[in-house]
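# An overview of the molecular structure
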Amino acid sequence: MSTFEIVLTCFLAWGALAFTAFFAFTIMRTKIKNKALLVKSHREIWMFYSEHEDELKELLSDKAKVRALNGKERQFATMLILHSELAYSMMKTDMVYRESNKPYMDDIAKVYSKPLMRAYWEETKGFRLKSFAKKVDRELSSK
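Being a predicted model, the structure only gives us computed values, none of them experimental. Position numbers for residues start from 1 in each chain and track the written sequence from start to end. Given that this is a predicted model, residues contribute local features only at a pLDDT of at least 70 and side-chain atom pairs are listed and counted only at 80 or more, while totals for whole chains, interfaces and linings are drawn from all residues. Hydrogens and water are ignored here; the side-chain numbers use all heavy atoms of the structure.

Right, let's get into the packing of aromatic side chains. A ring pair, where both rings are aromatic, is described by two values, the distance of the centres and the angle of the planes. A pair of aromatic rings is counted whenever rings of Phe, Tyr or Trp (Trp by its six-membered ring) have centres within 6.5 Å, and the orientation is called stacked for planes under 30 degrees apart, edge-to-face for over 60 and tilted otherwise. Taken as a whole and assessed by the stated rule, the structure comprises nine aromatic pairs. Here the aromatic rings of phenylalanine 19 and phenylalanine 23 are separated by 4.7 Å at their centres, their planes lie at 75 degrees, and the arrangement is edge-to-face. A residue pair is termed a helical-turn pair when its members lie 3 or 4 positions apart in one helix, as phenylalanine 19 and phenylalanine 23 do in helix H1 (residues 3-51) at four residues. Ring geometry for tryptophan 121 versus phenylalanine 132: centroids 5.7 Å apart, planes at 90 degrees, classification edge-to-face. Helix numbering and strand numbering both begin at the N terminus, where a helix is a DSSP run of H or I of at least 4 residues and a strand a DSSP run of E of at least 2.

Between N-to-C directions, angles cover 0 to 180 degrees, with each direction set by a line fitted to C-alpha atoms, over the stretch in contact for helices. Close contact between helix H3 (residues 71-92) and helix H5 (residues 115-124) brings their axes to 11 Å; oriented N to C, the two are set at 65 degrees. In terms of orientation, H3 lies roughly perpendicular with respect to H5. Considering how the two elements wind past one another, H3 and H5 form a crossing that is right-handed. Facing Arg74, Ala77, Thr78, Leu80 and Ile81 of H3, the residues of H5 in contact are Met117, Tyr120, Trp121, Glu123 and Thr124. Only Asp, Glu, Lys and Arg are considered charged in this grouping, and only Ala, Val, Leu, Ile, Met, Phe, Trp, Tyr, Cys and Pro are considered nonpolar; every other residue, Gly among them, is considered polar. Residues of the contact of H3 with H5, tallied by class, amount to six nonpolar, two polar and two charged. Convention used here: angles under 35 degrees read as roughly parallel, angles over 145 as roughly antiparallel, angles from 65 to 115 as roughly perpendicular, and any remaining angle as oblique. Two helices crossing with the near one rotated counterclockwise from the far one by less than a right angle form a left-handed crossing, whereas a clockwise rotation gives a right-handed crossing. We call two residues in contact whenever any of their non-hydrogen atoms come within 4.5 Å of each other.

Unlike most non-glycine residues, aspartate 94 shows phi in positive territory, near 65 degrees. Assignment of secondary structure puts aspartate 94 in the loop between H3 and helix H4 (101-112).

Once that is clear, we can look at the layout of surface pockets. Both cavities and pockets are sets of points on a 1 Å grid over the protein atoms alone; in a cavity a 1.4 Å probe fits but cannot get out, in a pocket the set is open with protein on both sides within 12 Å along at least five of seven lines, and lining residues sit with an atom within 4 Å of a point. Grid points are joined across faces, edges and corners, and a volume is the space filled by probe spheres set on the points. Here the largest pocket defines a volume of roughly 400 Å³. Together, 20 residues line the largest pocket, and His42, His83, Ala87, Tyr104 and Asp107 are the ones closest to its centre. For the lining of the largest pocket, the secondary structure elements donating two or more residues are H1, H3 and H4. In terms of residue count, the dominant contributor to the lining of the largest pocket is H4 (six residues). Residues belonging to the lining of the largest pocket are distributed by class as follows: 13 nonpolar, four polar and three charged.

Here the focus is the environment of glutamate 44. As for its placement among the helices and strands, glutamate 44 is situated in helix H1. Separated by 76 residues in sequence, glutamate 44 and tyrosine 120 have C-alpha atoms that sit 21 Å apart.

Quick look at the structure:
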């Protein structure tokens, strides 16, 4: 092997490592940004709840009687389900750092098992990702 070939091989190896490091850094940064956006979305949903707590408290009550949801309740329930579905999809496709899905699914099951949320979930689950709906239903049936 000539000196030129050795230098060229070293240069190409260094380039491949730099290229790999750049993409690893980009992927890591993207996952962190996605997690931050997910947390921001989560915070905004619960801020909405706290701003309208008087109108929404029955939605998350264990003692509520099943009935049609009013406008604010439907809006909050829809936002909550969409947020849950997005978080599930991001974890499933590795768009955020994977954490155990178990605590996350336990939280979903606790909220979705409330009488009004359960009725709304049953009414709208056909519009959700099939894998998400199956996962939620599995969690709800185990409670």
